Structure formats: C-alpha cells, structure tokens
Amino acid sequence: MKATLVIMAAGMGSRYGGEKQTDGIGPNGEAIMEYSVYDAVQAGFHKIVFIIKPGMEATLRALCGDRVQTMKTPQGEPVEVAYAVQDFTSVPDFYAIPPERTKPFGTVHAALCARDHVDEPFAIINADDYYGASAFSTILEKLLTLAESGQAAMVGYRLKNTVSDNGTVSRGVCQTENGSLRKVKETLKIKKYPDGRIADTADPEQEVPLDPESVVSMNFWGFTPWIFQELDQYFRDFLKDLAPGERKAECLLPVLVDRLIGAGKLDVAVLHTDAVWFGVTYQEDRPVVEQALRQLHDSGAYPKSLKSE
C-alpha cells in the first residue's frame, strides 16, 4: 500500500510578515517544507501534494517541486507531485463570500482542496513546521494499518517544545488516554513567560495555566480518504453558521477531529517519536531555526544541500 503527504502551504504568514512557507531558512536557502519532503520520501511516501495559493505554482516548482519529481523512494519508486489551489472557487455556491475577505478559510478547507489528488492513506502537515525525520517513518507505519474508516493518527509533541519566546502561538492542546486522543482544544493565544510558565491568554483577565508537558497537535495528522466526507460536511456547516460579513473566521482540523471523537465516529492514535519540532511564527524565531537546521546538516542528518538531492 502507498501513502501520500499533503503539505498545507497556502497560509498568509501574517504574524511572520512574509512568505514563510517559501522563505529560504536552511544553510543553502532551503525552505522548511523541503526538509519535510526529504524526510517523507526517505520514509517511503510516494506522492507529495502541495496546497498552494493562486499564482504560487511556478514559485513552488522552482523552489522544490520540479526537483521532487526526480526523487525516488527507498524502494526505487518515482515520487509523484501534485498541486492543489486553495482559493474561493472551491467554496460551496450557497455561501456568499464577503468582498472584504482575503484570508483563506483554514485547514479544513485546505485539506478539502487536495481531495481530487488523494486516493490512499495520507498524512497532512503545515509547510512552515519542522517535524523531524522519525516522525514521518512513525506515522507512515501507522497509516498503513488504519481501517478504511473511523481511524486516524496524530504525531504529538510536548507543549514546552513548541512555544515561541517572541509572542503567542496557536496549538491544539490534547487530552490522551491509553495512547488515544480523547480531546483536542484549539488554543489560540498560548504565551510563554520568561520564568518558563505557559498560559492560555485568550482572556487577559483570566489566564489559564497550561502544563508544559501537555501533548499538543502541530497539525501532523494521518487519515484515510474517508475523512473527506466529514471534512466536506463540517465545512458546509461552518459556512452556514458564519455571521454575515465575517472576514477572518477559519475552519480548523483540530476542531473537526475533536467533534468526531466526541461523536464516537473517530479513534485517533497519538504517536510519539524522538523527533524535535521547531518552526517560525515570528521573524524573531528565524535565527534559532537557522542555527538548528545548520546543526542538522553539520551532524550528517541531511546532505550538505537539499537543493542537489
């Protein structure tokens, strides 16, 4: 059985102040997603689907897409590449998009845009997060054992390792039991304090302390194609409930997953690896990530340059 990696690269990067999905942060100008592609192919994923903004395909092809098409899995299989555009043309006709809206509709809509390119078990990730090589082999092994419907997987990371020193971040804070996900709460304003405390600061008058050892979702999910029918229904319900003129609300994967778990329709295995996550939310995060990537190259974890692979 084969598996696909779907990479969500259509975000706006508003807090970063630029196109962080394609920003060359590695020592040879590699974007973070290039490490994910390399790790996924080395693990055995045979297809990469990039979810992109309108007009982004040429940039992404030049960055890495054309090169990925020359890669092969360890089994010698050629790697397929596809591009799925996340734009408003894929929004159901019953919903009138406010003229002022420019923000995409979030990760549920992004995943739906890849539907025509995915016929097999798949993992889905953010373009601007570094997940670590072992995370891809771990989730691929699980993907190949999932039932056709009703089962999924998630790679979990520790909250303390995913926060930024430079501002608040959004994370799916998880409750787990016996290796399964029981609840995930999309928490939008997680702040790390200089003394190491971490809190949900969405309500400035009543901050909620968070356990630094909590498991969080970094949008590294594993699904079977069955999930697309649930994505479609949830996105339609989300649009029906939007207030007229709403310009920023997003339809998010962790929220959908939490609802499916609560309804008894989905069992999600929480996978743990020795992989270390890092990413860029703010420009101030960039030097730390640059140094971490350079150290990985220097240690031999990656070739001298991914651009030549």
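Here's a quick rundown of the structure. (Residues numbered from 1 in each chain as written. Predicted model: local features only at pLDDT ≥ 70, side-chain atom pairs only at ≥ 80, totals over all residues. Heavy atoms only, no water.)

1. Description of helix α7 (residues 286-299)
Consideration 1: Under the 1.5 Å per step criterion, the end-to-end length of α7 is 20 Å for 14 residues, consistent within 8% with the ideal 20 Å.
Consideration 2: Among the residues of α7, R286, V289, A292, L293 and H297 are the ones counted as buried. What you see down the axis of α7 is that its buried residues fit within an arc of 140°, all on one side. Across α7 from its buried face, at more than 90 degrees, point the exposed residues V288, D298 and S299.
Consideration 3: In this structure, the buried side of α7 is in contact with α1 (32-43), β5 (129-130) and β13 (278-279).
Consideration 4: G300 occupies a position one or two residues after α7 and carries a positive phi of about 95°. (Helix = DSSP H or I, 4+ residues; strand = E, 2+ residues; numbered from the N terminus. Expected span 1.5 Å × (residues − 1). Buried < 20%, exposed > 50% of the residue type's maximum accessible area, 1.4 Å probe, protein only. Arc of directions from axis to C-beta. Contact = heavy atoms within 4.5 Å.)

2. Points about the pattern of salt bridges
Consideration 1: A complete count under the given rule lists 16 salt bridges for this structure.
Consideration 2: In this structure, E34 engages K307 in a salt bridge whose closest nitrogen and oxygen atoms are separated by 2.9 Å. In this pair, E34 is assigned in helix α1 and K307 in the segment after α7, connecting sequence segments 273 residues apart.
Consideration 3: In this structure K307 comes out as partly exposed when scored by relative accessible area, which is 30%.
Consideration 4: When the shortest N-O distance is used, the salt bridge between E120 and K47 registers 3.9 Å. Placement of the pair is E120 in the loop between α3 (107-113) and β4 (122-126) and K47 in strand β2 (residues 47-52), with a sequence separation of 73 residues.
Consideration 5: Among the residues examined, E120 registers a relative accessible area of 13% and is labelled buried. (Salt bridge = Lys/Arg side-chain N within 4 Å of Asp/Glu carboxyl O.)

3. So, the nonpolar core
Consideration 1: Formed by 61 residues in total, the largest nonpolar core has its most connected members in F45, F50 and F220.
Consideration 2: With seven residues, the single largest contributor to this core is α1.
Consideration 3: Leaving out residues up to four positions away in the same chain, F45 has contacts with A3, T4, L5, A40, T73, A123, F136, I139, L140 and L143.
Consideration 4: Among the nonpolar cores identified, the runner-up in size contains 44 residues, and A82, Y95, F122 and F238 belong to it. (Core = buried A, V, L, I, M, F, W, Y, C linked by side-chain atoms within 4.5 Å.)

4. Section: the environment of P78
Consideration 1: Tracing the chain through its elements places P78 in the loop between α2 (57-68) and β3 (80-85).
Consideration 2: It is 28 Å that separates the C-alpha atoms of P78 and S149, two residues lying 71 residues apart in sequence.
Consideration 3: What P78 contacts, discounting residues up to four positions off in sequence, is H46, M71 and K72.

5. Quick look at the pairing of β4
Consideration 1: Of all five residues in β4, five are buried; the element is thus mostly enclosed.
Consideration 2: Of the two faces of β4, the one lined by F122, I124 and N126 and the one lined by A123 and I125 are each fully buried.
Consideration 3: Sheet topology places β4 next to strand β11 (residues 215-223); three bridges connect them, and they run antiparallel. Residue pairing across strands places F122 opposite F223, the latter belonging to β11. (Pairing = 2+ DSSP bridges.)

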